[in-house]
Amino acid sequence: MAGERRTILITGGAGFVGSHLVRHWLKNYPQDIVLNLDALTYAGNLANTEDFKGCNNYHLVQGSITDESLINQLFDQYQFDWVFNLAAESHVDRSIHDPLSFVQTNVLGTTVLLQACVKYWSLSAQDLSSLLSQFSSVVSSTSSQRDNTMSTPFKGRQLTATNNDSRAYDSSQFNETL
């Protein structure tokens, strides 16, 4: 992977977890271009991005994953190799007062991103089903094993896409703490 230039989309990159992933990526893969798409709502904080906002290979776009036109424009312009979706409504107390915003971001927004991936990466329904099924296995296996501390490294199983797709998520690359 060293030397190979990729273009990465990280959504929610101004949030706590997202900004750590952006920082990790820029430090460990300086040849890659990282685009941070963040709506900058209550969970996004530009202060989280201060130390890397001057990097030549880092770009911040303020926008929502629910904006299909914006997502398609970004995929057209940047031709992403990988996508990490960390944009989510996650504060339970807010879900009680405004459940619709949770559904819009977490369900509709994720669907918009998946549709863009299918379209731009020419994934078949079978490819997508395989990736989602494998992702489900990783999530369920790690959620039962973790101890809920930030210092616990992610220890998921490797996802492999059909047709040796290089965009598949390989969790072995993230065994160090962000």
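All figures in this text were calculated on a predicted structure; none of them were measured in a lab.

Asks: Is there a simple way to think about the overall build of the protein in this case?
Replies: Helices and strands together make up the secondary structure of the protein, namely 5 helices and 4 strands. Ordered by position from the N terminus, the helices and strands of the protein form the series β-α-β-β-α-β-α-α-α. In the protein, buried positions account for 38% of the 178 residues. Sequence separation of 24 or more characterises 69% of the internal contacts of the protein that already satisfy a separation of 6 or more. Split by element, the accessible area of the protein, about 10,100 Å² in all, is 52% carbon and sulfur.

Asks: Which parts of the structure should I look at to understand helix α2 (residues 68-78)?
Replies: Because an α-helix packs 3.6 residues into every turn, residues spaced three or four apart end up facing the same way. Within α2 the residues assigned to the buried category are L70, I71, N72, L74, F75 and Y78. Residues of α2 that are buried in the fold lie against β1 (7-11), β2 (33-38), β3 (58-62), β4 (82-85) and α4 (99-120). Q79 lies just past α2 and shows a positive phi near 50 degrees.

Asks: Mind showing me how you'd approach the packing of α2 against α4 here?
Replies: Pairs of packed helices are described in terms of their axes, by the angle between the two and the distance that separates them. Viewed as axis vectors pointing N to C, α2 and α4 meet at an angle of 35 degrees, and their least axial separation amounts to 10 Å. For the pair α2 and α4, the sense of crossing is right-handed. Mapping the contact onto sequence places E68, I71, N72, F75 and D76 in α2 and V112, L113, Q115, A116, C117, K119 and Y120 in α4. Looking at the contact of α2 with α4, its residues break down into 7 nonpolar, 2 polar and 3 charged.

Asks: Hey, could you run me through the packing of aromatic side chains in this one?
Replies: The geometry of an aromatic ring pair comes down to the distance between the two centres and the angle between the two planes. Applying the stated rule across the entire model yields 9 aromatic pairs. Considering the side-chain rings of W25 and W82, the 5.3 Å spacing of their centres and the 70 degrees angle between planes classify their relative orientation as edge-to-face. Of this pair, W25 sits in helix α1 (residues 16-28) while W82 is found in strand β4, placing the two residues 57 residues apart along the sequence. With respect to burial, W25 and W82 carry one shared label: buried. Measuring from centroid to centroid gives 5.7 Å for Y78 and F80, while their planes differ by 10 degrees, and the two rings are stacked. Of the two residues, Y78 and F80, neither departs from the other in class, the shared state being buried. Members of the aromatic cluster, each reached through a chain of ring pairs, are F75, Y78, F80, Y120 and W121.

Asks: Please explain unusual backbone geometry as it appears in this structure.
Replies: The phi angle of most residues is negative, glycine excepted, and most peptide bonds adopt the trans form. Notably, L40 is not glycine yet its phi reads approximately 55 degrees, a positive angle. With respect to the helices and strands, the residue L40 is situated in the loop between β2 and β3. Within the chain, Q79 stands out as a residue other than glycine whose phi angle is a positive 50 degrees. Position of Q79 among the secondary structure elements: in the loop between α2 and β4. When its relative accessible area of 60% is taken as the criterion, Q79 is described as exposed.

What counts, and where the lines are drawn
Residues numbered from 1 in each chain as written. Predicted model: local features only at pLDDT ≥ 70, side-chain atom pairs only at ≥ 80, totals over all residues. Heavy atoms only, no water. Helix = DSSP H or I, 4+ residues; strand = E, 2+ residues; numbered from the N terminus. Buried < 20%, exposed > 50% of the residue type's maximum accessible area, 1.4 Å probe, protein only. Contact = heavy atoms within 4.5 Å. Areas by Shrake-Rupley, 256 points an atom, 1.4 Å probe, with all protein chains shown as cover. Axes fitted to C-alpha atoms, helices over the stretch in contact; angles between N-to-C directions. Left-handed = near helix turned anticlockwise from the far one by under 90°. Nonpolar A, V, L, I, M, F, W, Y, C, P; charged D, E, K, R; others polar. Phe/Tyr/Trp six-rings, centres within 6.5 Å; stacked < 30°, edge-to-face > 60°.

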